[in-house]
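If you want the building blocks of each chain, they are given just below.
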Amino acid sequence: MTQGERRTPARRTVLGAAGAAAVLGASTALPAGTAHADEARADARGHGHGYRSLPVPTVIAHRGASGYRPEHTLGSYRHALDLGAHVIEQDLVPTRDGHLVCRHENDITGTTDVADHPEFASRKTTKSVDGTSLTGWFTEDFTLAELKTLRAKERIPGTRQENTLYDGRWTIPTFEEVLRWAEEEGRRRGRDVWLHVETKHPTYFRSLGLGLEERLAKLLRRYGRHRANSPVFLQSFEPSSIQRLAKLVDSPGVVLLSGASSRPWDFVQAGDPRTVADLVTPEGLRWIASYAQGIGPTLDLVIPKDATGRLGTPTTLVRDAHAEGLLLHPYTHRNENSFLPADFRRGTDPTAYGDAFGVLKRYLETGIDGIFSDNPDTALLAAADFTAARG
């Protein structure tokens, strides 16, 4: 029995039928003229009541519905909306000619078919990105026109074999295309389409003359998402990127936090000795609250695992962050055993689904305001269960 045959009934139970037909073969073409370059017109458009109006717990589709479609494609984003996700995430990296495109990393070796393009064979190279040596193809070495000749594919095909069905269906979207798409979907669905936008490796790209923040701010202003109540979050693992954005736009900012012993790359470059462990202290959180509205910690900072990989006792991070007025959007929930704490795995197949509802219940009970999920339908059901249980 293949993986797909084994998992299909369980997946259908989770997914239901919502939106599947709409995504399969839906065109990703955007109608000409949907951009609103006139900032005065963008300023005139109103949006909702800000992030405090979002449902709690908020379900953020991590790179779209990446558990079911290749990540950071319009197909993945659309499917996440069809499943009911409250917010859709984008990661931004630049092209050589300064366009912002949606990829989790600037290394596109594993997420596109670039290796199958002989005309780009000479572009393969080795670079140091945030202190890590990487060999592959990188967005900053391609013009947008060249990137548009590539097709997206599944990043982890050994784990998500079903997703390979969609390899080659979609191109790499620009962030401006996503903004147009969000406007169109918002009109069609009668509600704002919320985005959660991350600047990737901002110090690295600034050193190349490809600063992200100014380009991002310009697009946010053009499409009316630059206000405090706009339907967008701006996030980064580098606090200085959020500080820079806070001077350019009023959109809410979120500082992402990795492992406790790690240091943000901008801290490394600036000689700042603080680690993430310092930033999650009351003093560190107070500093973050001086320029940001939230934090996006790894789930291990909310509930650490013990030596056997089982969930331990929650930390005080939720309480301490809320005391400073910060919301918490931790990352990342996934259904597969290989991504779950040891006590929530089921069976021995690392690619099979484990007790995703059980682990989500544990995380939601800590009082987090939302969660990033590759499987937003699962997270939405868990959030509904949690809300119902609270009465």
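Within any chain, residue numbers begin from 1 and follow the written order of that chain's sequence. Restriction of local features to residues with pLDDT of at least 70 applies here, the model being predicted, together with a cutoff of 80 or more for giving and counting side-chain atom pairs; totals for whole chains, interfaces and linings are based on all residues. As a rule here, side-chain values cover all heavy atoms of the structure and leave hydrogens and water aside.

Peer 1: Is there a simple way to think about the overall build of the protein chain in this case?
Peer 2: We count a stretch as a helix when DSSP gives it H or I for four or more residues in a row; a strand needs E for two or more, and each element gets its number in order from the N terminus. Helix and strand counts for the protein chain stand at 16 helices and eleven strands. Residue exposure (1.4 Å probe, protein chains only): buried if accessible area is under 20% of the type maximum, exposed if over 50%, otherwise partly exposed. Relative to its full complement of 391 residues, the protein chain shows a buried share of 55%. Surface exposure of the protein chain reaches about 15,700 Å², of which carbon and sulfur atoms provide 52%. Accessible surface area values rest on a Shrake-Rupley calculation with a 1.4 Å probe, where residue burial reflects the displayed protein chains alone.

Peer 1: Can you walk me through helix α9 (residues 239-248) in this structure?
Peer 2: Looking at α9, one finds that the buried residues are Pro239, Ser241, Ile242 and Leu245. When α9 is viewed along its axis, its buried side chains cluster within an angular range of 155° and face the same direction. This arc is taken over the directions from the axis of the helix to the C-beta atoms.

Peer 1: What's the story with the nonpolar core in this structure? I'm lost.
Peer 2: In globular proteins that are soluble, nonpolar side chains generally tend to be buried together. To define a nonpolar core, start from buried Ala, Val, Leu, Ile, Met, Phe, Trp, Tyr and Cys residues and group those joined through side-chain atoms within 4.5 Å. Among the nonpolar cores identified, the biggest contains 83 residues, and Phe175, Leu195, Leu216 and Ile295 are the most heavily contacted of them. A contact between two residues is defined here by any heavy atoms of the two lying within 4.5 Å. Sequence-distant contacts of Leu195, defined by excluding residues within four places in its chain, comprise Val87, Ile88, Gln90, Phe175, Val178, Leu179, Ala182, Arg225, Pro231, Val232 and Phe233. Among the nonpolar cores identified, the runner-up in size contains eleven residues, and Val87, Leu256, Tyr331 and Phe372 belong to it.

Peer 1: In this structure, what is going on with helix α6 (residues 175-189)? I would like to understand it.
Peer 2: An α-helical turn contains 3.6 residues, so a residue and the one three or four places further along point in the same direction. Taking 1.5 Å of rise per residue, the 15 residues of α6 would be expected to cover 21 Å, and the 20 Å separating its terminal C-alpha atoms lies within 8% of that figure. For α6, the complete set of buried residues consists of Phe175, Glu176, Val178, Leu179, Trp181, Ala182, Glu183, Glu185 and Gly186. The secondary structure elements touched by the buried residues of α6 are α4 (74-83), β2 (87-94), β3 (100-102), β6 (194-199) and α8 (212-222). Just downstream of α6 lies Gly190, where phi reads positive at about 75°. Each helix should span, by expectation, one fewer than its residue count multiplied by 1.5 Å.

Peer 1: Help me understand the packing of helix α15 (residues 356-364) against helix α16 (residues 376-389) in this model?
Peer 2: Helix-helix packing is described using two parameters, namely the angle between the two axes and the distance between the axes. Axis geometry follows a simple rule: fit a line to the C-alpha atoms, using only the stretch in contact for helices, then measure angles between N-to-C directions, giving values from 0 to 180 degrees. Axis separation between α15 and α16 bottoms out at 9 Å; the angle between their running directions is 55°. Relative to α16, the element α15 lies oblique. α15 and α16 meet at a crossing whose hand is right-handed. Residue-level contacts link Ala356, Phe357, Leu360 and Leu364 of α15 to Thr378, Ala379, Leu381, Ala382, Ala383 and Phe386 of α16. Split into classes, the residues belonging to the contact of α15 with α16 amount to nine nonpolar, one polar and no charged. Should an angle fall under 35 degrees it is called roughly parallel, over 145 degrees roughly antiparallel, and 65 to 115 degrees roughly perpendicular, with every other angle called oblique. Left-handed is the label given to a crossing in which the near helix is rotated counterclockwise from the far helix by less than a right angle, and right-handed is the label when the rotation is clockwise. Three residue categories are used. Nonpolar comprises Ala, Val, Leu, Ile, Met, Phe, Trp, Tyr, Cys and Pro, charged comprises Asp, Glu, Lys and Arg, and polar comprises the others, including Gly.

Peer 1: Is there a simple way to explain the pairing of β2 in this structure?
Peer 2: Both faces of the sheet carry side chains from a regular strand, because those side chains alternate between them. Burial analysis of β2 places eight of its eight residues in the buried class, the great majority of the element. The alternating pattern of β2 places Val87, Glu89, Asp91 and Val93 and Ile88, Gln90, Leu92 and Pro94 on opposite faces, both of which are buried. Each pair of strands is called paired provided DSSP finds at least two bridges between the two strands. Direction of pairing for strand β1 (residues 58-61) relative to β2: parallel, over a ladder of two bridges. Its bridge partner being in β2, Ile60 is matched across the sheet by Val87. For β2 and β6, the ladder comprises six bridges, and the chain directions are parallel. In the sheet register, Glu89 faces β6, and the bridge partner there is His196. Across three bridges, β2 lies against β3 in antiparallel orientation. Looking at the pairing, Leu92 lines up with Cys102 of β3. Hairpin connection between β2 and β3: a loop of five residues separates the two successive antiparallel strands, and Gly98 in this loop has a positive phi of roughly 90°.

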